[in-house]
Structure formats: C-alpha cells, structure tokens
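Observations on the three-dimensional arrangement
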Amino acid sequence: MRGLALKTAAALAGLLLLAAWPAAAGLIDTIPGVGSVGEIRRRVQQVQRVAGAAQRATAEITPRQEYYIGRAVAATILKQYRPWDHPAANAYVNKVGQCLALVSDVPQTFGGYHFLVLDSPEINAFAAPGGFILVSRGLLACCGSEDELAAVLAHEISHVQLKHGLGAIKKSRLVDLGRLLIREGVREVGSARLNQLTRVFGRSVGDITKTLMISGYSRAQETEADRAAVKLLRRMGYQPAALISMLQKMKARYPKTKVGFAKTHPDPLERVRAVRSAVGAAGFHPPAVRVQRFQNALSEG
Amino acid sequence: MRLARRAVLSAVVIGLLWAGAATAGTMSVTVKQGRVLEAPMVFGRLVGHLPYGARVSVLGRHGAFYQVRSGSLAGWMHRSALTTKRIVLTGGRVRSGVSGSELALAGKGFNQQVENRYRASGRADYTWVDKMEHSNNFDGPTLAAFARQGGLRGGGL
C-alpha cells in the first residue's frame, strides 16, 4: 500500500511538471497507468464543459456592465436630487477623490471614478457601481477640513471596490441575464430581446437604488467600508482619525427619527466603536494648509 | 489501483487547467481607456491610452503593475485595467459556443443599446452623469502636484 502511494505521488509530481510544460507533454502519447493523452484531453474538455455550464446559468457582472449599471443608478438618483453647479467645488472634490482612488487596489474602473456634489442639505452620499459617487452639500457641511472630506470619499470608494452596490442585485436578475445572453448568443439583439434585457437592467438598477436610498447597507458592510477607508487615508497621507471626527460630527446631527442618512446608516457611534482599533490612538489635528484649501474650494462665492 | 489511477487523472486535469492560466503572456484591456504610464507609479506620466479589448504583450511585472507593449506603445499598466480573459470584439457578432461571461465581455448584455432604451423610459436623468464623466478628469502629475501642495506624501510621492 505504501509502495503504491509513493509511486502515485511520484506520478503526480511528474504529471504536474509535464502539465506546466506543454512542449514536453507533446512528446508523449500515453501516460502509464492513466491512459492515452487523447483520452486525458477528452476528460479535461468534459470537466471544462460541466464547469462552463454551471457558470453560464448565472451571468457575471463584468466591469463594463458594472459601468452601465452605475451610470443608470447615478442617473436615477439625479432624477430626485439637483446637482450643485459649482465648478470649483466639484473640481476640488474630484481631486481629493481621484487621489484616493489612485492609491487604492483598484485605481481604474471601466469608466473611471467621478464625483459630484448634490445641492441638498440632507447629510448623505451615494456610491453607484463603477465609481459614480455623489455627496450632498449637507454632508460636506459636516466636514471641517479636507481630511474629513477624504474620509467620506474613501468610505464611498470602498463601497464601490467591495461591490456592495452590485451585491444588492437579486440573484434571480443575474440568472435571467445569463439565460438571455445564452439565448441571444451570436445573433444581434432583436427588439423583443432588447426589451427583456432592459427590463432585467431596470430591475437590477432598482435593487441597488432601493438599497442606497431606502434600506441602506448592512452594519457589516458599513464596517467593512470604514476599515477599507482607513487604509486609503493612510496610503494617501491623510489622518485616519479624520474618520472618527467625521462620525462624531454626524452623531451630533443624527436625527431622532429615521430620516436622511439615519434611514440608511447605522448609529455613527456604533461605527466609531467598530473602526476605533483600525484608526489607532492618534488624535485628529488637521494641517492648516488642507483646512484652508477646503474652505476656499467650498465657499459659496 | 483504481483509486491511484483516479488520483493521477485528477492531478493531470488540475495541472492542465492551471498551466493554461499560468502561461498568460498576453492580457486584454478591461477598461474603457487603459492608461499606459511611463513608470510603474500611480501618479506617473501618461504615455498613451489603449482601448477596451486591446491585447497587450506582458513583458514584466513590478508590484501591482505590468510592463506591456501593444504595437508601438510600451509602458506600464495597473493590473486593475487588465484581464487574462480574451475580449472578442467583432462588430457585434461573437463566435458560437461562448459562455455568458465571454458574451458579456464582448459587449452583449447591459450595453449602450440597453442604456438608450432605459433612458427613453424617463426613469433617469443622464445629463449630469454625462457631465461628471467628461469633466474633472485629472492626470497623474496634476493630482501629484495637488497632493504635494496639501502636504500629502502617499502613493510614492
């Protein structure tokens, strides 16, 4: 028995080496004790077909599809919120956000990261898939410095990169999408099929906007995004304690009833407790240069 | 003996599948406009763009960056802009027998056609989404200067 196990182990090691050296594998046509190379190739193809069939049943959301979903989510939100048409403020917010995105693990999405300020006193922010991030003037008013703004943007970028928005799409939509793709296959999309695709698309977008605007992410997802935000802040050189400062300011404005961000976010002090160990003991002392340029960029004039 | 034969066959299957992935000397651009940089640095100078689906030869690797060449354009691209999957763009027609994922990569599924139909439904306003996308797109050196002015030293600055 032991002799057989040793021979098997030796054969496995040899075969793995051969598998990684296709040129050498082409020199042999039979593997002793296993069978012909042709038989092995047929078995491999069978395994791949079974794996492919399972994959085809549920469509994967590619970066390109994520982009179109994200655009639609942002456009749906912008049907309800007015943008703040303040070029200097939007340019500044984009610079902060794009710096953070560049030092993240996913510096490029299909269409890139884009930030827009909403002209709303509500304290809120929305991270649409693909990197379309909207933050309200009400939320910016809670920030006293660039570091706190960076904390907000880092948190929203993290939601995008952790695919929390896409995760809100019901599995049945992805199964429907997979079936439509396979049925369509090589043909151009006819009108009936396009209608069906658009219906699935609309429902998927609806799943995400409902999460962003009504039910909110889970506590675990908010903690995950907060912890990832702390990493981004550190990588860029912002003070991680800015996140704690920001959450404490939000707590001061946390309404007693579930409206605005209170509807979609857990109590800020719960978030502070969950992220305190990641932030560390250092206090928050925003550098004057970043406080000043923050105030300059977001002034009304 | 039958158990040993099954174990060997499984190893061959796993080995052959792994070999296919490990020998990827080419990759495809998986973003709309892949940024090709002068050096493997996030705030590096841009030397060119490559469109979605473009194939690149991988010449080396440094951290999260791949050294690539496509035609006369050579430089560095971040791994988040590349995929080992082949993206087949053939004027909307795709070869038969492909999976749903490959079809999605080729532009089937949620695409511009679907967006146009969704826009027409009136449920969304794309005016500022389009503005967002086409304005305030800052390059690496501009962002590096902004970071330095603010006393930030991240990202290799």
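Scroll up for the structure.
Residues numbered from 1 in each chain as written. Chains lettered and ligands numbered in written order. Predicted model: local features only at pLDDT ≥ 70, side-chain atom pairs only at ≥ 80, totals over all residues. Heavy atoms only, no water.

1. Describing the overall build of chain A
When its secondary structure is counted, chain A shows 14 helices and five strands. Buried residues in chain A amount to 54% of all 301 residues. Expressed as a percentage of contacts within chain A between residues at least 6 apart in sequence, the contacts between residues at least 24 apart total 71%. Here chain A displays about 13,200 Å² of accessible surface, and carbon together with sulfur accounts for 57% of that area. (Helix = DSSP H or I, 4+ residues; strand = E, 2+ residues; numbered from the N terminus. Buried < 20%, exposed > 50% of the residue type's maximum accessible area, 1.4 Å probe, protein only. Contact = heavy atoms within 4.5 Å. Areas by Shrake-Rupley, 256 points an atom, 1.4 Å probe, with all protein chains shown as cover.)

2. Remarks on the nonpolar core
Judged by nonpolar contacts, the single largest core of 59 residues is most densely connected at Val96(A), Leu100(A), Leu149(A), Met236(A), Tyr238(A) and Phe43(B). Excluding its chain neighbours within four sequence positions, the residues that come into contact with Val96(A) are Glu146(A), Leu149(A), Ala150(A), Leu153(A), Tyr238(A) and Phe146(B). Phe126(A), Val205(A), Trp128(B) and Met132(B) belong to the second-largest nonpolar core, a separate cluster that totals 43 residues. (Core = buried A, V, L, I, M, F, W, Y, C linked by side-chain atoms within 4.5 Å.)

3. Some words on the packing of aromatic side chains
The final tally for this structure, using the stated rule, is nine aromatic pairs over all chains. Ring centres of Tyr67(A) and Tyr68(A) lie 5.0 Å apart, and the angle between their planes is 75°; this geometry places the pair in the edge-to-face category. A network of ring pairs unites the aromatic residues Tyr67(A), Tyr68(A), Phe110(A), Phe132(A) and Tyr52(B) as a single cluster. Over the ring of Trp84(A) we find Arg137(A), and its NZ or CZ is 4.0 Å from the ring centre. Sitting over the face of the ring of Phe146(B), Arg293(A) holds its NZ or CZ atom 3.7 Å from the ring centroid. (Phe/Tyr/Trp six-rings, centres within 6.5 Å; stacked < 30°, edge-to-face > 60°. Lys NZ or Arg CZ within 6 Å of the ring centre and 35° of its normal.)

4. A look at the packing of helix 11 (residues 241-252) of chain A against helix 13 (residues 268-279) of chain A
All names here are of chain A. Put simply, helix 11 and helix 13 touch, their axes get as near as 9 Å, and they point 170° apart. Relative to helix 13, helix 11 is oriented roughly antiparallel. Facing helix 11, whose interface residues are Ala 241, Leu 243, Ile 244, Leu 247, Gln 248, Met 250 and Lys 251, helix 13 presents Pro 268, Leu 269, Arg 271, Val 272, Val 275, Arg 276 and Val 279. Considered class by class, the residues forming the contact of helix 11 with helix 13 number ten nonpolar, one polar and three charged. (Axes fitted to C-alpha atoms, helices over the stretch in contact; angles between N-to-C directions. Parallel < 35°, antiparallel > 145°, perpendicular 65-115°, else oblique. Nonpolar A, V, L, I, M, F, W, Y, C, P; charged D, E, K, R; others polar.)

5. A word on the sheet that holds strand 5 (residues 132-136) of chain A
Residue and element names in this part refer to chain A. Pairing is mixed in the open sheet, where three strands are placed in the order 3-5-4. Only two strands of the sheet have a single neighbouring strand rather than two, namely strand 3 (114-118) and strand 4 (125-128). Pairs of neighbouring strands in the sheet enclose a mean axial angle of 15°, with direction left out of account. Across four bridges, the pairing between strand 4 and strand 5 is antiparallel. Its bridge partner being in strand 5, Ala 128 is matched across the sheet by Phe 132. Those strands touched by helix 4 (residues 63-77) are strand 4 and strand 5, and its axis lies near 25° from that of strand 5. (Pairing = 2+ DSSP bridges.)

6. Some points on the pattern of salt bridges
Under the defined criterion, the tally for this structure stands at 19 salt bridges over all chains. For the salt bridge of Arg71(A) with Glu115(B), the shortest nitrogen-to-oxygen distance reads 2.8 Å. Taken together, the residues Arg71(A) in helix 4 and Glu115(B) in helix 3 (residues 112-120) connect one chain to another. Per residue, the accessibility class of Arg71(A) equals that of Glu115(B), and both read buried. One salt-bridge network, held together by shared partners, links Arg71(A), Lys32(B), Glu115(B), Arg119(B), Asp130(B) and Glu133(B). (Salt bridge = Lys/Arg side-chain N within 4 Å of Asp/Glu carboxyl O.)

7. Let's talk about helix 5 (residues 87-102) of chain A
For helix 5 of chain A, with 16 residues, the first-to-last C-alpha span of 22 Å sits near the 22 Å given by 1.5 Å per residue. Within helix 5 of chain A, 13 of the 16 residues are buried, which leaves it mostly tucked inside the rest of the structure. (Expected span 1.5 Å × (residues − 1).)

8. Some words on the environment of Phe65(B)
Residues and elements named next belong to chain B. Note on placement: Phe 65 falls in strand 5 (residues 65-70). As for Phe 65 and Gly 75, which are separated by ten residues in sequence, their C-alpha atoms are 9.8 Å apart. Excluding residues within four positions of it along the chain, Phe 65 makes contact with Leu 37, Pro 40, Met 41, Val 42, Gly 60, Trp 76, Met 77 and His 78.

9. What about the side chain of Thr211(A)?
Residues and elements named next belong to chain A. Relative to the helices and strands, Thr 211 resides in helix 9 (residues 191-215). A residue is classified by how much of its surface remains accessible, and Thr 211, at 13% relative accessible area, is buried. Polar side-chain contacts of Thr 211 include one of 3.2 Å to the backbone oxygen of Asp 207. (Polar contact = N/O pair within 3.5 Å; in protein donor to acceptor, adjacent residues only side chain to side chain.)

10. Quick word on the pairing of strand 5 of chain B
All names here are of chain B. Note: strand 4 (residues 55-62) against strand 5, five bridges, orientation antiparallel. Paired with Arg 61 across the strands is Tyr 66, a residue of strand 5. Two strands pair when backbone bridges link them, and strand 5 and strand 6 (residues 73-78) are joined in this way by six bridges, in the antiparallel orientation. Counterpart to Arg 69 in the pairing with strand 6 is Ala 74. Counting the residues that bridge the hairpin from strand 5 to strand 6 gives two residues, and of these Gly 71 lies at a positive phi of roughly 65°.

11. Re unusual backbone geometry
With phi around 60°, Lys163(A) is a residue other than glycine that occupies positive phi space. Here Lys163(A) lies in the loop between helix 7 (146-161) and helix 8 (171-184). For Asn136(B), which is not glycine, the phi dihedral falls at a positive 55°. With respect to the helices and strands, the residue Asn136(B) is situated in the loop between helix 4 (127-134) and helix 5 (140-149).

12. Remarks on the pairing of strand 5 of chain A
Within a regular strand, the side chains alternate between the two sheet faces. Residue and element names in this part refer to chain A. With five of five residues buried, strand 5 lies mostly within the body of the structure. Residues Phe 132, Leu 134 and Ser 136 point to one face of strand 5 and Ile 133 and Val 135 to the other, with burial holding for every one of them. Taking the residues that link successive antiparallel strands as the turn, the strand 4-strand 5 hairpin has three residues, and the phi of Gly 130 there is positive, at about 85°.

13. Section: helix 13 of chain A
An α-helical turn contains 3.6 residues, so a residue and the one three or four places further along point in the same direction. All names here are of chain A. Within helix 13 the residues assigned to the buried category are Pro 268, Arg 271, Val 272, Val 275 and Val 279. Buried residues of helix 13, seen end-on, are gathered within an arc of 100° and therefore sit on one face of the element. In helix 13, the exposed positions that point more than 90 degrees away from the buried face belong to Arg 273 and Ser 277. The opening residue of helix 13, the one whose side-chain oxygen lies 2.9 Å from the backbone nitrogen of Leu 269, is Asp 267. Following helix 13 by one or two positions, Gly 280 has its phi on the positive side, about 90°. (Arc of directions from axis to C-beta.)

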